[in-house]
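Listed below are the residues making up each chain.
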Amino acid sequence: MTVSEHVAAVRKDPSGAMATLIASLKADASLLQQARAELQLCHDLEKAGRLGACWIQQITKTTLTDALAAANL
């Protein structure tokens, strides 16, 4: 699954899909890299004052931040 697919799954099933996302981040270096790149995009949007205009990026930022914190990565 891609980062976007994981985030969408977490929106539908918060507890179960978050556990899967955390395990996937720990096991898959490529997914971890994608997650960090997506968070960098969110940071860039926030810095430019545009994050508020994109609700999905806000959800993505929150989901990935929480997942990385839970995974201690």
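Please read these numbers as outputs of a predicted model, since none were measured by experiment.

Rules used in this analysis
Throughout, residues of each chain are indexed from 1 in the direction in which the sequence is written. Only residues with pLDDT of at least 70 are given local features in this predicted model, and only at 80 or more are side-chain atom pairs given and counted; all residues enter the totals for whole chains, interfaces and linings. Each side-chain value is worked out from all heavy atoms of the structure, with water and hydrogens disregarded. Every angle, taken between N-to-C directions, lies between 0 and 180 degrees, and every axis is a line fitted to C-alpha atoms, over only the stretch in contact when it is a helix. We count a stretch as a helix when DSSP gives it H or I for four or more residues in a row; a strand needs E for two or more, and each element gets its number in order from the N terminus. Any angle that is under 35 degrees is reported as roughly parallel, and any over 145 degrees as roughly antiparallel; angles of 65 to 115 degrees are reported as roughly perpendicular and all others as oblique. In this analysis, two residues are considered to be in contact whenever any of their non-hydrogen atoms come within 4.5 Å of each other. Residues are sorted three ways: Asp, Glu, Lys and Arg are charged, Ala, Val, Leu, Ile, Met, Phe, Trp, Tyr, Cys and Pro are nonpolar, and all the rest, Gly among them, are polar. Polar contact criterion, stated in full: a pair of N or O atoms within 3.5 Å, where within protein one must be able to donate a hydrogen and the other to accept it, and residues adjacent in sequence count only if both atoms are side-chain atoms. Relative accessibility thresholds used throughout: buried, under 20% of the residue-type maximum; exposed, over 50%; partly exposed, between the two (1.4 Å probe, protein chains only). Handedness of a helix crossing follows the sense of rotation of the near helix relative to the far helix, less than a right angle counterclockwise being left-handed and clockwise being right-handed.

(A) Broad picture of the packing of helix α2 (residues 14–27) against helix α3 (residues 29–47). Put simply, α2 and α3 touch, their axes get as near as 5 Å, and they point 110° apart. In terms of orientation, α2 and α3 fall into the roughly perpendicular class. On α3, the residues touching Ser24, Leu25 and Ala27 of α2 are Ala29, Leu31, Leu32 and Ala35. Partitioned by chemical class, the residues of the contact of α2 with α3 number six nonpolar, one polar and no charged.

(B) Region of the structure containing the environment of glutamate 46. Within the secondary structure, glutamate 46 sits in helix α3. Each C-alpha atom of the pair glutamate 46 and glutamine 57 lies 9.7 Å from the other, and the pair is 11 residues apart in sequence. Once residues lying within four places of it in the same chain are set aside, the contact partners of glutamate 46 are Leu51 and Lys61. Polar contacts involving the side chain of glutamate 46 include one to the side chain of lysine 61, which spans 3.0 Å.

(C) Quick look at the side chain of threonine 63. Here threonine 63 shows up in helix α4 (residues 55–71). Not counting chain neighbours up to four residues away, the residues in contact with threonine 63 comprise Val7, Val10, Met18 and Leu21.

(D) Representation of the side chain of histidine 6 within the structure. If you trace the backbone, histidine 6 turns up in helix α1 (residues 3–12). By relative accessible area, which is 4% here, histidine 6 ends up buried. Ignoring anything within four residues of it in the chain, the contact list for histidine 6 reads Met1, Thr20, Leu21, Ser24 and Leu31.

(E) Up close: the environment of aspartate 44. Inspection of the secondary structure assignment puts aspartate 44 in helix α3. Looking at aspartate 44, the relative accessible area reads 39%, which means it is partly exposed.

(F) Representation of the packing of α3 against α4 in the model. Remark: α3 packs on α4, axes separated minimally by 10 Å, with the N-to-C direction vectors making an angle of 130°. Regarding the angle of α3 to α4, the classification is oblique. In the crossing of α3 with α4, the sense of the turn from one axis to the other is left-handed. Contact with α3, carried on its side by Leu32, Ala35, Glu38, Leu39, Leu41, Cys42, Leu45 and Glu46, involves Gln57, Thr60, Lys61, Leu64, Thr65 and Leu68 of α4 and no other residues of that element. A per-class count over the contact of α3 with α4 returns eight nonpolar, three polar and three charged.

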